[in-house]
Amino acid sequence: MEQLRPILALDVGNVNIGIAISDKERIFAMPLAVIKRDGNEIEAIKNIITEREVEEIVVGLPKTLSGTIGPQANIVLDFLDELKKVLPEVKFVTWDERYTSVITHKMLRFQGIRSKKERKIKDKFEALFILESYLEFLRRQKREEENG
């Protein structure tokens, strides 16, 4: 049986990049870090990939509510192009992240976390929801293959 490796999720914003990671079995997703967009973000992501032996990255794509590619999604796609240049051995997947901001905000409010602290951690939780959604997709796909 092939040895699985963790999957990394990125929530790419204009100021920060939220990062979440799965376990090696790809069952659980955990928030990992928030990286500032300060010019060193690609190097920081490369370091995480090496440290954690990641082979696949799912990148949240903020489509418009109608499902089209808008200005923010274009910013993410440009960043993804930069990542692909320096990480040709990594598999990249874009993932619709339309509602992750709303889900994250509600979850953090439910936990009693308010605006100032929320701003510091929300990006990694948005990445977490992107990753959980993607992992669920992979599980569904596997079940369908097994059931013919």
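The rules behind the values
- Residues numbered from 1 in each chain as written.
- Predicted model: local features only at pLDDT ≥ 70, side-chain atom pairs only at ≥ 80, totals over all residues.
- Heavy atoms only, no water.
- Helix = DSSP H or I, 4+ residues; strand = E, 2+ residues; numbered from the N terminus.
- Buried < 20%, exposed > 50% of the residue type's maximum accessible area, 1.4 Å probe, protein only.
- Axes fitted to C-alpha atoms, helices over the stretch in contact; angles between N-to-C directions.
- Parallel < 35°, antiparallel > 145°, perpendicular 65-115°, else oblique.
- Left-handed = near helix turned anticlockwise from the far one by under 90°.
- Contact = heavy atoms within 4.5 Å.
- Nonpolar A, V, L, I, M, F, W, Y, C, P; charged D, E, K, R; others polar.
- Phe/Tyr/Trp six-rings, centres within 6.5 Å; stacked < 30°, edge-to-face > 60°.
- Pairing = 2+ DSSP bridges.
- Expected span 1.5 Å × (residues − 1).
- Arc of directions from axis to C-beta.

Novice: Mind laying out the side chain of Asn16, listing which residues take part and the relevant values?
Specialist: Here Asn16 shows up in strand β2 (residues 16–22). Asn16 sits in the buried class, given a relative accessible area of 12%.

Novice: Quick rundown of unusual backbone geometry? Include the residues and the values.
Specialist: Non-glycine residue Arg26 carries a positive phi angle of around 60 degrees. Residue placement: Arg26 occurs in the loop between β2 and β3 (29–36). In this structure Arg26 comes out as buried when scored by relative accessible area, which is 15%. Here Glu53, not a glycine, exhibits a phi torsion of approximately 55 degrees, which is positive. With respect to the element layout, Glu53 can be found in the loop between α1 (41–52) and β4 (56–61).

Novice: If you had to explain the packing of α1 against helix α2 (residues 71–86) to someone new, which residues and values would you point to?
Specialist: The geometry of α1 relative to α2 is characterised by a closest axis approach of 11 Å and an angle of 55 degrees between their N-to-C directions. The angle between α1 and α2 falls in the class oblique. Crossing hand, α1 versus α2: right-handed. Two secondary-structure elements touch here, α1 through Glu41, Ile42, Ile45 and Lys46 and α2 through Phe79, Glu82, Leu83 and Val86. Split by residue class, the contact of α1 with α2 holds 5 nonpolar, no polar and 3 charged.

Novice: Quick rundown of the packing of aromatic side chains? Include the residues and the values.
Specialist: Inspection of every chain in the model, using the stated rule, returns 3 aromatic pairs. The interplanar angle of 75 degrees and the centroid separation of 5.1 Å between the aromatic rings of Trp95 and Tyr134 together place this pair among those described as edge-to-face. Taken together, the residues span a long stretch of sequence, with Trp95 in strand β5 (residues 91–96) and Tyr134 in helix α4 (residues 115–146) at a distance of 39 residues. Each member of the pair Trp95 and Tyr134 is classed as buried.

Novice: Outline the sheet that holds strand β1 (residues 7–12), supporting the account with residue identities and numerical values.
Specialist: Whenever strands of a sheet pair, they do so through backbone hydrogen bonds, lying parallel or antiparallel. Across the sheet, 5 strands lie side by side as β3-β2-β1-β4-β5; this open sheet has mixed pairing. Strand pairing shows two members of the sheet lacking a second neighbour, β3 and β5, which therefore form its edges. Sheet twist, expressed as the average angle between the axes of neighbouring strands with direction ignored, equals 25 degrees. For β2 and β3, the ladder comprises 7 bridges, and the chain directions are antiparallel. Within β3, the position partnered with Asn16 by the bridge is Lys36. Packing of α2 onto the sheet brings it into contact with β1, β2, β4 and β5, and relative to β4 it is tilted by some 160 degrees.

Novice: Any chance you could break down α1 for me, citing the residues and the numbers?
Specialist: The first and last C-alpha atoms of α1 sit 16 Å apart over 12 residues, in line with the 16 Å expected at 1.5 Å per residue. Among the residues making up α1, those that are buried are Glu41, Ile42, Ile45, Ile48 and Ile49. Projected onto a plane normal to the axis of α1, the buried residues spread over an arc of 120 degrees and lie on a single side. Exposed residues lying more than 90 degrees from the buried face of α1 are Thr50 and Glu51. Summarising the contacts, the buried residues of α1 are in contact with β1, β2, β3, β4 and α2. Glu53 sits one or two residues past α1 and shows a positive phi near 55 degrees.

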